[in-house]
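Take a look at the letters that make up each chain.
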There are 2 protein chains.
Amino acid sequence: MISENQLVERTGRAIPSIRGRGGFDGVRLGIGDDAALVAPGRGREWVLTCDQFLEGVHFFGRIHPADSVGYKALARATSDIAAMGGRPRLFLLALAIPASRTGVWFDGFLRGMGRAARALGVRLAGGDMTKSAKVCINITVLGEIEPGLAVTRAGARPGDHIYVSGRLGRAHLGLELVRRGLGRRAQLRDLVQPHLYPRIQLKLGEWLAAHRVPSAMMDISDGLSTDLGRLCAASHVGARVYEARIPTVAIPSFAAARLRGRNMKALQMALHGGDDYGLLFTVAPRNARRLARAPEFRDLMPIGEITGGRRILLVAREGSSKPLRQRGWDPFRKS
Amino acid sequence: MISENQLVERTGRAIPSIRGRGGFDGVRLGIGDDAALVAPGRGREWVLTCDQFLEGVHFFGRIHPADSVGYKALARATSDIAAMGGRPRLFLLALAIPASRTGVWFDGFLRGMGRAARALGVRLAGGDMTKSAKVCINITVLGEIEPGLAVTRAGARPGDHIYVSGRLGRAHLGLELVRRGLGRRAQLRDLVQPHLYPRIQLKLGEWLAAHRVPSAMMDISDGLSTDLGRLCAASHVGARVYEARIPTVAIPSFAAARLRGRNMKALQMALHGGDDYGLLFTVAPRNARRLARAPEFRDLMPIGEITGGRRILLVAREGSSKPLRQRGWDPFRKS
């Protein structure tokens, strides 16, 4: 019979962890007590965030491999640290799983999360384990940053350029292919990776913050239309983005043949598809030149500019403009 | 139609919160961005913990009032800070609820959590909100402590006295009454309070740590038998506890008449019943005298002593002793 203590033990072995009296800088006490003891490095403060990843809402046991669930749960939570410009350091894992998932599934889950932890440079410092009818995951991540460097959503000013990093809609395309049972086709495998194992823009986020380039920044987790709306609301500004500048995915014809419907176009996926975890940030014109030294500069695309007022407009290729509705992911909206 | 943004807004209004650029000492940025920015006070470090509270596992929508769910979710998470001797300061709320619970139920939930936040002296600094078929709550709590003062589970030594704070089994008795639909009877109301609105031993935990009295400490969340087992395992010691010293609840006869069965005796509830959140701690004989100045000293009961070896024994009233099995709450064990 499985016990909570055994599951905690397996977790600590499979994921880079700080156990007991740590020795890992900043952590005096890790897994195995009532709480962890953590201090940020000298002259640093903590960036703190949490994120849920729930079966039946964010993933489906039937179509998503266990190691993707483990990988993505940690990656998407860590993305919020990147979005502030912080360097992720530690995380807590709160996990609830059915007894039926404590065997092979749990091993796959831990393998995926362990791989993400190594890729992201974070270590497990504590958590909570219990049972439930469906898998519930909550990840709390702590990152470090120098006081004053963190980039919030609230600093965008009229005239600032709006940038995104990487193509948008890649994760949405992957999701649609996985939903149709096409995730394991050899010729489609590259297209589903961004959905199953998203890449987090840690280096870029940290570089941008350290060089004080952006006026505002966030990650695109719920779709450009929704997240740009949030950035503009926090900054009390509007925006104008150009359809022709949005970096969309190229959908190969053999995949396009499987994807029919209004929301299956590359532009729609780019505007409203969530889960890409690219960075969305704004840059004052006087700082634009500094951007050229950014890591992966070639993947940065200026898609428009911040405006006065509060309207967010999409300028079509022929020049007409219309309001960009927030049609990204909202868990409480019926799709 | 409800949106995630609206629920976040209602939460921030109902619960003592740090929103935007905080001004609350130690917090530069609270609710409303990708992450919070937090620094412990000068010469302090963070005590960090998380705890899940799930519908169908830890509570039942049918029998537990919404405000108890909100209250208890925060109280039990904060108890882990008390158990280290820390002072709780901030928390993150990760919440998933069905759309059907976004109205009256959600208001009750927030009211309960707000009351707990004021009683415990903590403020909401961020979180995550999504939907799910059942209510999933995860609370991350940060407390402050002076480096070197935190009390772990690992310091108990043979000869140390074992103490518990308050009567044990009170929450279990309350649970059994609530399960039988008796929670609202006027004459039973006082008996169900410890189950619905547990009191957390913050002052005691902080005092004990500040005066360096305990050699090891934890809170009793899963039952004395299980939690004493964990403390002894972490300290590599054994223990002997005396049945006659265990502070049990007095079960009034009109309640006892409703409670039949092997586990319905006061001693069984005290040994194996979870959710009391009293403190369990060990004190070296040379420090025992200092304990007399502890807050609520009268509620502290010495129940036995730490021994060499690894056995945990229960000494009966007539003097015979037998192993104390860990029969407290384990989510993966069938009850």
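Being a predicted model, the structure only gives us computed values, none of them experimental.

Novice: Would you mind going over the overall build of chain A with me for this structure?
Specialist: Across its full length, chain A holds nine helices and 13 strands. Since a compact globule built from 335 residues should have a radius of gyration of about 20 Å, the 20 Å found for chain A is in line with a globular shape. Each of the 335 residues in chain A was classed as buried or not, and the buried ones make up 56%. Across chain A, every contact between residues at least 6 apart in sequence was considered, and the portion connecting residues at least 24 apart equals 83%.

Novice: It is not clear to me how the sheet that holds strand β7 (residues 161-165) of chain B should be interpreted in this structure. Could you clarify?
Specialist: Strand pairing in a sheet takes place through backbone hydrogen bonds and is either antiparallel or parallel in direction. All names here are of chain B. Taken together, the seven strands give an open sheet; going across it, the order is β8-β10-β7-β11-β9-β12-β13, and neighbouring strands pair in mixed fashion. Of all strands in the sheet, those with a lone pairing partner are β8 (214-219) and β13 (321-323), marking the two edges. Strand-to-strand twist in this sheet, taken as the mean axis angle between neighbours without regard to direction, amounts to 25°. Pairing analysis gives three bridges linking strand β12 (residues 312-315) to β13, with the strands arranged antiparallel. Looking across to β13, one finds that valine 315 is bridged to serine 321. Contacts from helix α6 (residues 202-210) reach β7, β8 and β10 (279-283), with the element oriented near 20° to β10.

Novice: In this structure, what is going on with the interface of chain A and chain B? I would like to understand it.
Specialist: Quite often, the size of an interface is put as the accessible area lost when its parts meet. With 54 residues of chain A at the contact, the number on the chain B side is 54 residues. Sort the elements by how many residues they give to the side of chain A that touches chain B and strand β3 (residues 45-54) of chain A lands first, with nine residues. Of the residues assigned to the side of chain A that touches chain B, the class counts are 29 nonpolar, 12 polar and 13 charged. As paired strands, strand β2 (residues 36-38) of chain A and strand β3 (residues 45-54) of chain B are joined by three bridges and run antiparallel to one another. Along β3 of chain B, the bridge assignment pairs leucine 37 of chain A with valine 47 of chain B.

Novice: Looking at this structure, I do not really get the relation of the copies chain A and chain B. What am I missing?
Specialist: The relation between the two copies of this chain is a rotation about an axis and a shift parallel to it. Least-squares fitting of chain A to chain B yields an RMSD of 0.0 Å, with the transformation described by 0.0 Å of translation along the axis and a rotation of 180°. Viewed as a symmetry operation, the transformation between the two copies matches a two-fold axis. Most of the interface of chain A is mirrored in chain B, where 100% of its interface residues are also at the interface.

Novice: Sorry if this is basic, but what is going on with the nonpolar core here?
Specialist: In globular proteins that are soluble, nonpolar side chains generally tend to be buried together. Ranked by internal contacts, the top residues of the largest apolar core, which has 208 residues, are Leu74, Phe91 and Ala125 of chain A together with Leu74, Phe91 and Ala125 of chain B. Setting aside anything within four residues of it in sequence, one finds leucine 74 of chain A in contact with Phe91, Met113, Ala116, Ala117, Leu120 and Ile139 of chain A.

Novice: Would you mind showing me how to read the environment of threonine 282 of chain A here?
Specialist: Residues and elements named next belong to chain A. Structurally, threonine 282 can be placed in strand β10 (residues 279-283). Given 30 C-beta atoms within 10 Å, threonine 282 falls into the buried group. With 66 residues separating them along the chain, threonine 282 and alanine 216 place their C-alpha atoms 5.4 Å apart. Ignoring anything within four residues of it in the chain, the contact list for threonine 282 reads Ala156, Asp160, His161, Ile162, Pro214, Ser215, Ala216 and Ile306.

Novice: Any chance you could explain the domain arrangement of chain A here in plain terms?
Specialist: Residue and element names in this part refer to chain A. Taken domain by domain, chain A consists of domain 1 (4-145) and domain 2 (161-323). Here the C-alpha centroids of domain 1 and domain 2 sit 27 Å apart. Contact residues are listed per partner, giving 16 residues for domain 1 and 18 residues for domain 2. Mapped by element, the contributors of at least two residues to the side of domain 1 that touches domain 2 are α2 (66-82) and β4 (87-97). Ranked by the residues each element gives to the side of domain 1 that touches domain 2, the list is headed by α2, at nine residues.

Novice: Just to check I follow, could you spell out helix α7 (residues 224-235) of chain B for this structure?
Specialist: Since there are 3.6 residues in each turn of an α-helix, residues three or four apart along the chain are aligned in direction. Residue and element names in this part refer to chain B. Compared with an ideal rise of 1.5 Å per residue, which puts 12 residues at 16 Å, α7 spans 16 Å between its outermost C-alpha atoms and is within 8% of the ideal. Tucked inside the fold, the buried residues of α7 contact β7, β8, β9 (238-242), α9 (266-272), β10 and β12. Where α7 ends, the next residue or the one after it, histidine 236, has phi of about 60°, a positive value.

Novice: Looking at this structure, I do not really get the sheet that holds β10 of chain A. What am I missing?
Specialist: Residue and element names in this part refer to chain A. Read across the sheet, seven strands follow the order β8-β10-β7-β11-β9-β12-β13 without closing on themselves; strand pairing throughout is mixed. Edge positions in the open sheet fall to β8 (214-219) and β13 (321-323), since each of these has one partner strand only. Each neighbouring strand pair of the sheet contributes to a mean axis angle of 25°, computed without reference to strand direction. Of the strands in this sheet, β7 (161-165), β8, β9 (238-242), β10 and β12 (312-315) touch helix α7 (residues 224-235), which is tilted by about 140° from β8.

Novice: Got a minute to help me understand the pairing of strand β5 (residues 123-131) of chain A in this structure?
Specialist: One face of the sheet, then the other: side chains in a regular strand alternate in exactly this way. Residues and elements named next belong to chain A. The element β5 is extensively covered by neighbouring structure, given that eight of its nine residues are classed as buried. One ladder, built from eight bridges, connects β4 with β5; its direction is parallel. From the neighbouring strand, alanine 94 faces β5, where its bridge partner is aspartate 128. In this region the chain leaves β4, passes through helix α3 (residues 104-120) and returns to the parallel neighbour β5; the handedness of that crossover is right-handed.

Novice: Could you clarify how one ought to interpret unusual backbone geometry in this entry?
Specialist: Both trends apply: most residues other than glycine have a negative phi, and most peptide bonds are in trans. Residue histidine 236 of chain A is not a glycine yet carries a positive backbone phi of 60°. You will see that arginine 212 of chain B, though not glycine, has its phi angle at about 50°, which is positive. With 13 C-beta atoms packed within 10 Å, arginine 212 of chain B lands in the partly exposed category.

Novice: Before we go on, may I ask you to explain the environment of leucine 231 of chain A in this structure?
Specialist: Residue and element names in this part refer to chain A. Topologically, leucine 231 is positioned in helix α7. Along the primary structure leucine 231 and alanine 266 are separated by 35 residues, whereas in three dimensions their C-alpha atoms are 23 Å apart. With near-sequence residues (within four places) excluded, leucine 231 lies in contact with Arg153, Ala156, Ala216, Met218 and Leu280.

Novice: Just checking my understanding: could you explain the packing of helix α4 (residues 170-179) of chain B against helix α5 (residues 189-196) of chain B for this structure?
Specialist: Packed helices, taken two at a time, are described by the angle their axes make and the gap between the axes. All names here are of chain B. Contact geometry for α4 and α5: axes closest at 7 Å, N-to-C directions at 110°. As summarised for this structure, α4 and α5 are arranged roughly perpendicular, according to the angle between their axes. Of the two elements, α4 crosses α5, and the hand of that crossing is left-handed. Contact with α4, carried on its side by Arg170, Ala171, Leu173, Gly174, Leu175, Leu177 and Val178, involves Leu191, Val192, Gln193, Pro194, His195 and Leu196 of α5 and no other residues of that element. Grouping the constituent residues of the contact of α4 with α5 by class yields nine nonpolar, three polar and one charged.

Conventions adopted
- Residues numbered from 1 in each chain as written.
- Chains lettered and ligands numbered in written order.
- Predicted model: local features only at pLDDT ≥ 70, side-chain atom pairs only at ≥ 80, totals over all residues.
- Helix = DSSP H or I, 4+ residues; strand = E, 2+ residues; numbered from the N terminus.
- Rg over C-alpha atoms; globule rule 2.2 N^0.38 Å.
- Buried ≥ 20, exposed ≤ 12 C-beta atoms within 10 Å, placed from the backbone.
- Contact = placed C-beta atoms within 7 Å.
- Pairing = 2+ DSSP bridges.
- Axes fitted to C-alpha atoms, helices over the stretch in contact; angles between N-to-C directions.
- Nonpolar A, V, L, I, M, F, W, Y, C, P; charged D, E, K, R; others polar.
- Least-squares fit on C-alpha atoms with pLDDT ≥ 70 in both.
- Core = buried A, V, L, I, M, F, W, Y, C linked by C-beta atoms within 7 Å.
- Domains from an automatic or database assignment.
- Expected span 1.5 Å × (residues − 1).
- Right-handed = clockwise from strand over helix to strand, strands pointing away.
- Parallel < 35°, antiparallel > 145°, perpendicular 65-115°, else oblique.
- Left-handed = near helix turned anticlockwise from the far one by under 90°.

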